[in-house]
Amino acid sequence: MDDTAPTDLTQPTRLPAGGPNAIGHMLGLLGDEWTLLLLQQALQGVTRYGQFKETLPISNSVLTARLRSLSEAQLLERHVYQSNPERAEYLTTPRSRSLWPVMLAIWEWERQWVPEHPAPLPAMHHSVCGHDFAPVVVCQACGKPFEPREVVAEWGPSGSWARSVPQATTRRRWEPEAGHQYPGLFPQTMAIFGNRWSSALIGAAFRGVTRFTDFEANLGAPPTLVADRLRSFCAIGVLEPRANPDRPDWAEYGLTPKGRAFYPVIAASIAWAEHWFVSPEGRAVVQHHRTCGEELTAIFTCDQCERPLAGNDVTVVPADDARDPHEGEA
């Protein structure tokens, strides 16, 4: 762990002016499949190197590198519990624990839209009302659920394509066309969000980019990389190619219902990023809810009691104990 890192892990990172903004930093951290899987395990109580090795098919070099980078980013805190020989454990921090809305949104999307799981994902239980539930994303200002088309998003003072694209190099990703069964709980999320350029591309799709050349220009990515990501997204059904009636020579790609349903993951990730990475110029993205006209802050509520959800109030129901949340209703 970097000895120069701030000791107060409750404080956000102050970014330099003119550099990558909150979204760029978030994608650089979370847009990596091993990072997401390690954080998933850490949030479930895994703390030690050997435990991570037991739960994930990860090499020693990759695991060592990721634990180091997660510690430097203050997503995990390295704690030495034995000095001779030295043994360390990796504990969650306020920064990583506040990722629960992102993990909640990922879990629900995979449950609803990815039937390829070897076994159905267990239900989630809300301890406040005592029911199994599905999360609902609502506008904090008016309390109403909303669809992505009801969101007006504009660049904020620190926002631009150049500053929002991740700066680090691309890492290995899940390949749906190769038939590889990824060992995590969220295989298709890995295809969308588990790679820096994939997550940047899905963000561009939600901003209304549809043409191949516009993806290439806005992201600053080489055409072969853009083509590869678009092909992968079409393979899992989050984008679909569409003909332009005016220019049949243009290649366009639009979000499918499955793709639009991924928006809660995007919304939760942006909210997390803006809280923990602060640019001196201001926020990267400003969103408004068309229905009420207010600035949009997306929160999650329980579909059973309609109360706001909190991470400590949500548990995963063992498969044998799962029940239909509507069972017994008249």
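In what follows, the structure referred to is the one given above.
Rules and cut-offs
- Residues numbered from 1 in each chain as written.
- Predicted model: local features only at pLDDT ≥ 70, side-chain atom pairs only at ≥ 80, totals over all residues.
- Heavy atoms only, no water.
- Core = buried A, V, L, I, M, F, W, Y, C linked by side-chain atoms within 4.5 Å.
- Buried < 20%, exposed > 50% of the residue type's maximum accessible area, 1.4 Å probe, protein only.
- Contact = heavy atoms within 4.5 Å.
- Axes fitted to C-alpha atoms, helices over the stretch in contact; angles between N-to-C directions.
- Helix = DSSP H or I, 4+ residues; strand = E, 2+ residues; numbered from the N terminus.
- Parallel < 35°, antiparallel > 145°, perpendicular 65-115°, else oblique.
- Left-handed = near helix turned anticlockwise from the far one by under 90°.
- Nonpolar A, V, L, I, M, F, W, Y, C, P; charged D, E, K, R; others polar.
- Pairing = 2+ DSSP bridges.
- Salt bridge = Lys/Arg side-chain N within 4 Å of Asp/Glu carboxyl O.

Asker: I tried to follow the nonpolar core on my own but got confused; where do I start?
Answerer: What tends to happen in soluble globular proteins is that the nonpolar side chains get buried as a cluster. Counting residues in each nonpolar core, the largest one holds 84 residues, and the members touching the most others are Leu 30 and Trp 272. Apart from residues lying up to four places away in sequence, Leu 30 is in contact with Leu 36, Leu 39, Leu 99, Phe 193 and Trp 272.

Asker: In this structure, what is going on with the packing of helix H10 (residues 212–219) against helix H11 (residues 223–236)? I would like to understand it.
Answerer: A pair of packed helices can be characterised by two numbers: the angle between their axes and the separation between those axes. With their axes 10 Å apart at the nearest point, H10 and H11 run at an angle of 120 degrees to one another. With respect to their mutual orientation, H10 and H11 come out oblique. As for how H10 packs across H11, the hand of that crossing is right-handed. Residues Phe 212, Phe 215 and Glu 216 of H10 form the contact with H11, whose participating residues are Pro 223, Val 226, Ala 227 and Leu 230. When the residues that make up the contact of H10 with H11 are grouped by side-chain class, the tally is 6 nonpolar, no polar and 1 charged.

Asker: Mind showing me how you'd approach the side chain of Thr 47 here?
Answerer: If you trace the backbone, Thr 47 turns up in the loop between helix H2 (33–43) and helix H3 (49–55). Take Thr 47: its relative accessible area is 18%, and that puts it in the buried class. Setting aside anything within four residues of it in sequence, one finds Thr 47 in contact with Phe 52, Glu 89, Tyr 90 and Leu 91.

Asker: Whenever I open this one, the sheet that holds strand S5 (residues 131–133) confuses me. Can you help?
Answerer: The strands making up a sheet associate through hydrogen bonds between their backbones, and the pairing can be parallel or antiparallel. The 3 strands are arranged S5-S4-S13 in an open sheet whose pairing can be described as antiparallel. Both edges of this open sheet fall to S5 and strand S13 (314–316), since each of them pairs with a single strand only. Pairs of neighbouring strands in the sheet enclose a mean axial angle of 40 degrees, with direction left out of account. Pairing analysis gives 3 bridges linking strand S4 (residues 124–126) to S13, with the strands arranged antiparallel. Bridging from a neighbouring strand, His 126 pairs with Val 314 of S13.

Asker: How do you make sense of the pattern of salt bridges when you look at a structure like this?
Answerer: Any two side chains of opposite charge can pair, so long as their charged atoms come close to each other. Scanning the entire structure with this criterion turns up 9 salt bridges. We note a salt bridge from Arg 48 to Glu 89, for which the minimum N-O separation is 3.9 Å. Residue Arg 48 is found in the loop between H2 and H3, and its partner Glu 89 is found in strand S3 (residues 86–92); the two are separated by 41 residues along the sequence. Asp 228 is the partner of Arg 229 in a salt bridge, and the nearest nitrogen-oxygen pair spans 2.7 Å. On the basis of relative accessibility, which here comes to 3%, the residue Arg 229 falls in the buried class. Here the salt bridges do not stand alone but share partners, grouping Asp 228, Arg 229 and Arg 231 into one network.

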